[in-house]
Amino acid sequence: MVHMNVDDTAAMIKDMTIRGAGKIARTGVSALSDFVGSYEGRDMKAFRKDLEKAKKKILDSRPTAVSLWNGVHATLKGVEEAKDVGEAISLVQKNAREFIENSTKAVELIGKIGAKRIQDGDTVMTHCNSSAALSVIKTAYEQGKHIKVYATESRPWRQGILTVNDLGKAGIDTTLVIDSAVRTVMTKVDKVFVGADTITSHGVLVNKIGTSQLALSANEARVQFYVCSETYKFSPMTLFGDTVAIEERGFDEIVKKGEIPDSVKIYNPVFDVTPAKYIDAIITELGVMSPGSVYDVLVRQLGERIFQIKE
Ligand code: RI2
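Our subject in this report is the structure included herewith. In this text the structure is predicted, and so the values were computed from the model without any measurement. Here the residue numbers are simple positions, counted from 1 along each chain's written sequence. Residues qualify for local features only when their pLDDT is at least 70, as the model is predicted, and side-chain atom pairs are given and counted only at 80 or more; totals for whole chains, interfaces and linings, by contrast, use all residues. Calculation of side-chain values draws on the structure's entire complement of heavy atoms; hydrogens and water are dropped beforehand.

### Considering the layout of surface pockets
The cut-off we apply is this: Cavities and pockets were defined on a 1 Å grid built over protein atoms only: a cavity is a set of grid points that admits a 1.4 Å probe from which the probe cannot escape, a pocket is an open set flanked by protein on both sides within 12 Å along at least five of seven lines, and lining residues are those with an atom within 4 Å of any such point. Grid points are joined across faces, edges and corners, and a volume is the space filled by probe spheres set on the points. Strands are runs of DSSP state E lasting at least two residues, helices are runs of H or I lasting at least four, and both sets are numbered from the N terminus onward. Put simply, Ala, Val, Leu, Ile, Met, Phe, Trp, Tyr, Cys and Pro go in the nonpolar bin, Asp, Glu, Lys and Arg in the charged bin, and everything else, Gly too, in the polar bin. Annotation comment: domain bounds sourced from an automatic or database domain assignment.
Quantified by volume, the largest pocket comes out at close to 650 Å³. The wall of the largest pocket is formed by 24 residues, among which Asn70, Ala74, Phe99, Tyr232 and Gln301 lie closest to the centre. Looking at the lining of the largest pocket, the elements with two or more residues in it are α4 (66–76), α5 (85–115) and α10 (294–302). At eight residues, the largest contribution of residues to the lining of the largest pocket is made by α5. Residues that form the lining of the largest pocket fall into these classes: 11 nonpolar, seven polar and six charged. Looking at the lining of the largest pocket, you find at least three residues from each of domain 1 (6–107) and domain 2 (116–310).

### Notes on the pattern of salt bridges
Between side chains of opposite charge, pairing is possible as soon as their charged atoms come close. Rule in force here: We define a salt bridge as a side-chain nitrogen of Lys or Arg found within 4 Å of a carboxyl oxygen belonging to Asp or Glu. Each residue is placed in one exposure class: buried if its accessible area under a 1.4 Å probe, protein chains only, is under 20% of its type's maximum, exposed if it is over 50%, and partly exposed if it falls in between.
For the structure shown, the criterion picks out 15 salt bridges. Across the pair Asp7 and Lys57 runs a salt bridge, and its minimum N-O distance is 3.1 Å. With Asp7 in helix α1 (residues 6–14) and Lys57 in helix α3 (residues 44–59), this residue pair connects regions lying 50 residues apart in the sequence. For Asp7, a relative accessible area of 45% translates into the label partly exposed. When salt bridges that share partners are traced, they join Arg62, Glu247, Arg249 and Glu253 into one network.

### Some details on the pairing of strand β1 (residues 123–126)
The condition is simple: Note on pairing: two strands pair once DSSP finds at least 2 bridges between them. Throughout, right-handed denotes a crossover for which the path from the first strand over the helix to the second runs clockwise when the strands point away from the viewer.
Where burial is concerned, the two faces of β1 agree: the one with Thr123 and Met125 and the one with Val124 and Thr126 are both buried. The pairing of β1 with strand β2 (residues 148–152) spans four bridges and is parallel. By the bridge assignment for β2, Met125 is matched with Tyr150. In terms of handedness, the path from β1 via helix α6 (residues 131–142) over to β2 forms a crossover that is right-handed. By the bridge criterion, two bridges tie β1 to strand β4 (residues 191–194) in an arrangement that is parallel. The partner of Val124 across the bridge, within β4, is Lys191.

### Digging into the packing of α3 against α4
Convention followed: Lines fitted to the C-alpha atoms define the axes, with helices restricted to the stretch that makes contact. Angles between their N-to-C directions range from 0 to 180 degrees. For classification purposes, angles smaller than 35 degrees are called roughly parallel, those larger than 145 roughly antiparallel, those between 65 and 115 roughly perpendicular, and all remaining angles oblique. For a crossing to be left-handed, the near helix must be turned anticlockwise from the far one by less than a right angle; the clockwise case is right-handed. Residues are treated as being in contact if the distance between any of their heavy atoms lies within 4.5 Å.
For the pair α3 and α4, interaxial distance at closest approach is 10 Å and the crossing angle is 160°. Our classification of the angle between α3 and α4 gives roughly antiparallel. Note that α3 runs across α4; the crossing there is right-handed. Seen from α3, the contacting residues are Leu51, Lys55, Ile58 and Leu59; seen from α4, they are Leu68, Trp69, Val72, His73 and Leu76. Of the residues belonging to the contact of α3 with α4, the class tally is seven nonpolar, one polar and one charged.

### Observations regarding the packing of aromatic side chains
Stated formally: Within 6.5 Å between ring centres, the rings of Phe, Tyr and Trp (the latter by its six-membered ring) count as paired, and their orientation is classed by plane angle as stacked under 30 degrees, edge-to-face over 60, tilted in between. By definition here, charges over rings are those cases where NZ of Lys or CZ of Arg is within 6 Å of the ring centre and within 35 degrees of the ring normal.
Within this structure, the stated rule accounts for four aromatic pairs. On the basis of an interplanar angle of 80° and a centroid distance of 5.0 Å, the ring pair of Tyr39 and Phe47 is categorised as edge-to-face. For the pair formed by Tyr39 and Phe47, the shared burial category is buried. Lying across the ring of Phe271, Lys208 places its NZ or CZ 4.3 Å from the centre.

### Brief notes about the sheet that holds strand β6 (residues 205–208)
Reading across the sheet, the three strands line up as β5-β6-β8 and stay open at both edges, with antiparallel pairing between neighbours. Either end of the sheet is taken by a strand with one partner, and the two such strands are β5 (198–199) and β8 (271–274). Here β6 runs beside β8; their pairing, made up of four bridges, is antiparallel. Counterpart to Asn207 in the pairing with β8 is Asp272.

Right, dumping it as structure tokens:
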């Protein structure tokens, strides 16, 4: 990973120069590791305070993807109990390394597990630009399966352009469609694979705006709808009743200044919510599971920490 300071990292996550739920988590974690790596003070109280400030900056950069929250908390785990600054620094660096390694491995594993759900001759659809969903599609193709992919443009950021570049360059038969073509194209599709920004304890998916229209259209056309998600995109806070904040971004992502009258309002939510009943399965690094299994995975992962988070 490239070395970057906390302020630059937070700014680049905020303006989406760095994007994708998994990537923002790995980059945020890496910035915290670099922050402690260059920390010169030896006063534990000051260190904790400075680390807390750095953590807040990273967490405040984007509100929806829980991967960032989970990554940062996994990285800072144990700092409170550290004897001195030196021990705390080593711990943060070790936790960060482990998170980044496991996260990268999880995307690969999801590819291997999910590829088994793609048959030779399948036509699949994907939305936005998810490294987990692309890992599944590309692994199936590398296994020699003849597949076709429909990828949505994903306005307003057009992450679909990244997706079709990636798939097209890999040699996969890829077709780009505009977001409003989803229902029309669904009749040609066998399976849908999308990523996740957050999955709640009751199996609801929060992902790029437009995901729910793929899920609804897939349901109507009896097409299987799969979510490709590392388990650090499962939200612990939702266990205790918290809801997921849906990020809203500026008007300038949709229209240029002066293009429409100032009196017209712009509403630009960048994620939407897909109910569990439209999800056939969630493909994780721990295996293929139903949305109903998310609660158990969260409880197991949290273990005794569950009570700390509750407070
Ligand atoms: P991976 C992206 O959000 C998309 O919503 C995508 O489905 C999700 O993150 C997961 O991406 P954005 O950062 O972690 O483009 O699978 O707003 O790469």
